[in-house]
Amino acid sequence: MPIPRLLIIGLDCAEPTLLERWRGDLPHLDRLMRTGVSGQLESCIPAITVPAWSCLLSGRDPGELGIYGFRNRAARGYGALVVADGRAVRHPRLWDYLGAAGWRVAIIGVPGTYPPPAVNGVAVSCFLAPSTTATFTHPPELADRLTAWLAQPYLLDVPDFRSTDKDRILADIYTLCDQRFAVAQRLLAEEQPDLLMLVDMGTDRVHHAFWKHMDPAHPDYVAGSPYQDAIFAYYRHLDRRIGELLAACDAQTAVLVVSDHGARPLMGGFRLNQWLLDQGYLALHTRPVVPEPFDPSAVDWSRTRAWGAGGYYGRIFLNVRGREPAGAIAPADYEAERSALAAALTALPGPDGAPLGNRVFTPQQIYRKVRGIAPDLLLYAGDLAWRVIGKLGGDGWFTRENDTGPDDANHAQHGLFIFADLARPAAGRPFSGLTIYDILPSLLARYGIAAPPDLRGRVAAW
Ligand SMILES: [Zn+2]
């Protein structure tokens, strides 16, 4: 058997159109594309890191997982949203199926793996780990080996990646990437895993921190920025690290390169809670003069029908009598209220008077099951061209200021995939129509492992 049998290189947020544009300068990724199949990979809704990697690895949708973003409602009250860590994932993931079939696995930095899962092999947690003083590896002693291998303390993430200190962010992004690949090489040599999987977060962080320096389509683009090639240079660096890792793998190793979603320029922010306030859905005891974070104690809940949470996409919660503590919508009016709100948001004009292009989803439409407490509506502002802002106060529904710090990019619905497998030479065949739900059943089928009968995805004809 080749070591590893399967190598998965996750590139969080890697954008397929950038890869296509630059593949002439990315020889290792280009070679995988020329020998395998490649194309765009449709993400889940929402196209957000948490839950997207867990959807990819479990074959389940966010509703089945009950994970609707980084932060979720834990109860029907009005308290703060709660971060969904790996404990929220109740379905088996790829390494569970492979481990049960006798595969030794080594996984590094896969979002949704804190606390570290007890895999058949070794695991290094993701950025959800609070720090490296917490137990962030399986087995716990693996942390000491990481310390011995690396010149600097292991980075779980780029600290404060929405900062104006661009040089510091860039240095941390490279350290993050180099450490991931260095650990992968060590684990490959010392553990001889059958599955080796790492996820690089640098691609996500570099997009969010540097997109406006690269893209004339970005509203804040400045020609000739010293950072204009920062993203390109990072993709080239990544390609070199991928080449080194591939050189250490067996020639027969099957390779999957995949991103959980893509990236696009961020055109601005839609102030969802301010809009709900101005439309009379949300009532406050006192209206702030300047934008302030959403504060549940400032809300007059008895007169509030809906409120929202911001981020790369928007979540809207309805305040329903008998369901929420001070519900204002009669249960019999729920569907009519929800439909009217969805219609108003869908028709919303942007700052130039043309339709913003909002897309509004109900969980029941897009998921096979709805576990936990889902938002009543999910909003893609401008179909993800706009971020959703949770702060309210002051005037206007649109802003150029992000309420959580500088951010140049939003997520895009389609990520990328490349699958190169010498046992199935594909000679660079393009492949379209693949969804994030198809990856797990396709890999299980490739290795003759039975998949649950109720998976949403299909086995791809790779
Ligand atoms: Zn992501």
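For the structure, check the block above.
Fair warning: this is a prediction, and the values are worked out from it, not measured in the lab. (Residues numbered from 1 in each chain as written. Predicted model: local features only at pLDDT ≥ 70, side-chain atom pairs only at ≥ 80, totals over all residues. Heavy atoms only, no water.)

S.K.: Even after reading the chapter, I still don't get the overall build of the protein, so can you show me in this structure?
M.R.: Looking only at helices and strands, the protein features 13 helices and 20 strands. A compact globule built from 462 residues would reach a C-alpha radius of gyration of about 23 Å, and the protein, at 22 Å, matches this within 12%. By principal-axis analysis of the C-alpha atoms, the protein measures approximately 65 × 55 × 45 Å. Out of the 462 residues belonging to the protein, those deemed buried represent 61%. Within the protein, residue pairs in contact and separated by at least 24 positions form 70% of the contacts whose partners lie at least 6 positions apart. By element, 53% of the accessible surface of the protein is carried by carbon and sulfur atoms, the whole surface being about 17400 Å². (Helix = DSSP H or I, 4+ residues; strand = E, 2+ residues; numbered from the N terminus. Rg over C-alpha atoms; globule rule 2.2 N^0.38 Å. Buried < 20%, exposed > 50% of the residue type's maximum accessible area, 1.4 Å probe, protein only. Contact = heavy atoms within 4.5 Å. Areas by Shrake-Rupley, 256 points an atom, 1.4 Å probe, with all protein chains shown as cover.)

S.K.: What am I meant to see in the coordination of the zinc ion here?
M.R.: Geometrically, a metal with four donors at the corners of a regular tetrahedron has ideal angles of 109.5 degrees, and one with six donors at the corners of a regular octahedron has ideal angles of 90 or 180 degrees. Donor atoms from the polypeptide that coordinate the zinc ion comprise Asp-12 (OD), Asp-12 (OD), Thr-49 (OG1), Asp-260 (OD) and His-261 (NE2), at 2.1 to 2.7 Å from the metal. When the donors of the zinc ion are listed by position in the chain, the intervening gaps give D-x36-T-x210-D-H. Residue Asp-12 is found in the loop between strand S1 (6–11) and helix H1 (16–22), and its partner Thr-49 is found in helix H3 (residues 49–58); the two are separated by 37 residues along the sequence. Of the two residues, Asp-12 and Thr-49, both sit in the buried class. (Donors = N, O, S within 2.8 Å, 3.2 Å for Na, K, Ca; no water.)

S.K.: In this structure, what is going on with the nonpolar core? I would like to understand it.
M.R.: Nonpolar side chains tend to gather and get buried jointly when the protein is soluble and globular. Among the nonpolar cores identified, the biggest contains 129 residues, and Phe-210 and Trp-462 are the most heavily contacted of them. When residues of this core are assigned to their parent elements, the largest contribution, ten residues, is made by helix H7 (residues 166–191). Judged by nonpolar contacts, the second largest core, of 33 residues, contains Leu-272, Leu-277, Leu-379 and Val-388. (Core = buried A, V, L, I, M, F, W, Y, C linked by side-chain atoms within 4.5 Å.)

S.K.: Teacher, can you tell me more about the pairing of strand S19 (residues 414–420) here?
M.R.: A regular strand places its side chains on the two faces of the sheet in alternate fashion. Most of S19 is tucked away, with six of its seven residues classed as buried. Across six bridges, the pairing between strand S2 (residues 37–42) and S19 is antiparallel. Paired with Glu-42 across the strands is His-414, a residue of S19. (Pairing = 2+ DSSP bridges.)

S.K.: Just to check I follow, could you spell out the side chain of Asp-204 for this structure?
M.R.: As for its placement among the helices and strands, Asp-204 is situated in helix H8 (residues 202–214). Reaching out from Asp-204, the side chain makes a polar contact with the side chain of Arg-205 at a distance of 2.6 Å. Asp-204 has contacts with Asp-12, Cys-13, His-261 and His-411, leaving out every residue within four places of it along the chain. (Polar contact = N/O pair within 3.5 Å; in protein donor to acceptor, adjacent residues only side chain to side chain.)

S.K.: Just to check I follow, could you spell out the packing of helix H6 (residues 142–149) against H7 for this structure?
M.R.: Relative placement of two packed helices is described by the angle separating their axes and the distance separating the axes. Interhelical geometry of H6 versus H7 gives an angle of 120° and a closest axis separation of 11 Å. Relative to H7, the element H6 is oriented oblique. As for the relative orientation of H6 and H7, their crossing is right-handed in sense. Side by side, H6 and H7 meet where Leu-142, Arg-145, Leu-146 and Trp-149 of the first sit next to Val-183, Arg-186, Leu-187, Glu-190 and Glu-191 of the second. When its residues are assigned to classes, the contact of H6 with H7 shows five nonpolar, no polar and four charged. (Axes fitted to C-alpha atoms, helices over the stretch in contact; angles between N-to-C directions. Parallel < 35°, antiparallel > 145°, perpendicular 65-115°, else oblique. Left-handed = near helix turned anticlockwise from the far one by under 90°. Nonpolar A, V, L, I, M, F, W, Y, C, P; charged D, E, K, R; others polar.)

S.K.: Whenever I open this one, the pattern of salt bridges confuses me. Can you help?
M.R.: Tallying each qualifying case throughout the model produces 31 salt bridges. Here Arg-368 ties to Glu-64 by a salt bridge, and the two come within 3.3 Å at their closest N and O atoms. Of this pair, Arg-368 sits in the loop between helix H12 (363–366) and strand S15 (377–380) while Glu-64 sits in helix H4 (residues 62–65), and the two are 304 residues apart along the sequence. Three or more residues are tied together by salt bridges with common partners; here these are Arg-73, Arg-76, Arg-323, Glu-324 and Asp-376. (Salt bridge = Lys/Arg side-chain N within 4 Å of Asp/Glu carboxyl O.)

S.K.: I'm lost on the packing of H7 against helix H9 (residues 230–248) in this one. Help?
M.R.: One way to put it is that H7 packs onto H9 with a least axis distance of 10 Å and a crossing angle of 10°. Relative to H9, the element H7 lies roughly parallel. Residue-level inspection shows Leu-170, Ile-173, Tyr-174, Cys-177, Asp-178, Phe-181, Ala-182, Ala-184, Gln-185 and Leu-188 of H7 in contact with H9, the latter providing Ala-230, Ala-233, Tyr-234, His-237, Leu-238, Arg-241, Ile-242, Glu-244, Leu-245 and Ala-248. Here the residues of the contact of H7 with H9 sort into 15 nonpolar, two polar and three charged.

S.K.: Please clarify how the pairing of strand S12 (residues 306–309) should be interpreted in this entry.
M.R.: Residues Ala-306 and Gly-308 of S12 are buried on one face, and the alternating residues Trp-307 and Ala-309, pointing to the opposite face, are buried as well. Looking at chain direction, S12 and strand S13 (residues 314–318) are connected through four bridges and run antiparallel. Bridging across to S13, Gly-308 finds its partner in Ile-316. Counting the residues in the hairpin turn of S12 and S13 gives four residues, including Gly-311, whose phi is positive at 140°.

S.K.: What is the right way to read the packing of aromatic side chains from this model?
M.R.: Working definition: an aromatic ring pair is given by the centre-to-centre distance plus the angle between the planes. With the rule as written, the count across this model stands at 21 aromatic pairs. Seen from their ring centres, Phe-210 and Tyr-227 are 5.4 Å apart, and the 50° between their planes marks the pair as tilted. With Phe-210 in helix H8 and Tyr-227 in the loop between H8 and H9, this pair connects stretches of sequence that are 17 residues apart. The pair Phe-210 / Tyr-227 is uniform in exposure class, with both members buried. Pairing Phe-294 with Trp-301 gives two aromatic rings, centres 6.5 Å apart and planes at 80°, and the pair type is edge-to-face. Phe-294 gets classed as partly exposed once you look at its relative accessible area, which sits at 22%. The ring of Phe-161 has Arg-205 lying over it, and the distance from NZ or CZ to the ring centre is 4.1 Å. One residue, Arg-305, lies across the ring of Tyr-281, its end atom 4.4 Å from the ring centre. (Phe/Tyr/Trp six-rings, centres within 6.5 Å; stacked < 30°, edge-to-face > 60°. Lys NZ or Arg CZ within 6 Å of the ring centre and 35° of its normal.)

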